[in-house]
Amino acid sequence: MSTKTNNTAILVFANSAKTEGVYKPFHESAKLFNILNNQVKHKVQRTGLPYFIISEEQQQGTNFGSRFTNAIQSIFNKGFDNVITIGNDTPHLQTAHIIAAEQKLHNTPLVLGPSLDGGFYLMGISKTLFNAETFLNLPWQTRVLRQTILKLIALKTIEIEVLETL
């Protein structure tokens, strides 16, 4: 592994297939989420970057925002300067998107891969930009999440790179 990529880690923040099947019940949902989890793991492994899969068993917090914030902080606590977060719910995500985000993080503290639902399928963030308190107060799992983040970034005049919408 080259030294220039050692400072970035990937966080796969996703529930296990069994738990996803409970939260999103439909015929053979656990089977589908098992396939999605395996696909995202394979895509991540192909980047060559260090990665961590944090499912509900390792997540700490009382709501999505606190669990997500704590997971990101745990990766920074391991000594990484950048974290690229993804989930298991974007089948169109490709290894190339993750690699592009890693490259953009060399020059920009925030990279977003927007999703059609108003959130994002990928977020790359530098340790210098990450603020746990701000993250806890974001409107997680709502249609205004990305818009809220973009407003905050504009107020602080922080550079951002945006990937294609999936």
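Given the structure is predicted, the values throughout are model-derived calculations rather than measurements.

(A) Just the side chain of Ser-126, in detail. The topology assignment puts Ser-126 in strand 5 (residues 120-126). At 2.9 Å, the side chain of Ser-126 forms a polar contact with the side chain of Thr-128. If we ignore the near neighbours within four places in the chain, the residues touching Ser-126 are Phe-76, Asp-81, Asn-82, Leu-105 and Pro-109.

(B) Summary view of the packing of aromatic side chains. Enumeration over the complete set of coordinates arrives at eleven aromatic pairs. Measuring from ring centre to ring centre gives 6.2 Å for Phe-26 and Phe-33, while their planes differ by 55°; the resulting arrangement is tilted. Members of the aromatic cluster, joined through ring pairs, are Phe-13, Phe-64, Phe-68, Phe-76, Phe-120, Phe-130, Phe-135 and Trp-140.

(C) The arrangement of empty space enclosed by the protein in detail. Enumeration over the complete set of coordinates arrives at one cavity of 30 Å³ or more. Forming the walls of the largest cavity are Leu-36, Gln-39, Val-40, Lys-43, Gly-87, Asn-88, Thr-90, Pro-91 and Leu-93.

(D) Representation of the pattern of salt bridges. Per the counting criterion, the structure on display carries two salt bridges. Glu-28 is the salt-bridge partner of Lys-31, the closest N and O atoms lying 3.5 Å from each other. Residue Glu-161 pairs with Lys-104 through a salt bridge whose shortest N-O separation is 3.6 Å. Of the two residues, Glu-161 sits in strand 6 (residues 161-162) while Lys-104 sits in helix 4 (residues 95-104), which places them 57 residues apart along the sequence.

(E) Quick peek at the confidence of the model for the chain. Mean pLDDT over the chain works out to 90, with 96% of the residues at or above the 70 mark. The weakest mean pLDDT in the chain belongs to helix 1 (residues 17-23) at 77; the strongest belongs to strand 3 (residues 82-86) at 98. Long-range and interchain partners of residues 1-5, a stretch whose pLDDT sits below 50, account for nine contacts in this model, where long-range means more than four residues apart.

(F) Up close: unusual backbone geometry. In this model, Gln-141 sits at a positive phi of 60°, which is unusual for a non-glycine residue. Classification of Gln-141 as exposed rests on a relative accessible area of 63%.

(G) Here's a closer look at the pairing of strand 3. Along strand 3, five of the five residues are buried, which leaves the element largely enclosed by surrounding structure. In terms of strand pairing, strand 1 (residues 8-13) meets strand 3 through five bridges, oriented parallel. Each bridged residue has a counterpart across the sheet, and for Ile-10 the counterpart in strand 3 is Ile-84. Where strand 3 lies against strand 5, five bridges are found, and the strand directions are antiparallel. By the bridge assignment, Asn-82 is partnered in strand 5 with Ser-126.

Criteria and cut-off values
Residues numbered from 1 in each chain as written. Predicted model: local features only at pLDDT ≥ 70, side-chain atom pairs only at ≥ 80, totals over all residues. Heavy atoms only, no water. Helix = DSSP H or I, 4+ residues; strand = E, 2+ residues; numbered from the N terminus. Polar contact = N/O pair within 3.5 Å; in protein donor to acceptor, adjacent residues only side chain to side chain. Contact = heavy atoms within 4.5 Å. Phe/Tyr/Trp six-rings, centres within 6.5 Å; stacked < 30°, edge-to-face > 60°. 1 Å grid on protein atoms, 1.4 Å probe; cavity = no way out; pocket = protein on both sides within 12 Å on 5 of 7 lines; lining within 4 Å. Points joined across faces, edges and corners; volume = space filled by probe spheres on them. Salt bridge = Lys/Arg side-chain N within 4 Å of Asp/Glu carboxyl O. pLDDT = per-residue confidence, 0-100. Buried < 20%, exposed > 50% of the residue type's maximum accessible area, 1.4 Å probe, protein only. Pairing = 2+ DSSP bridges.

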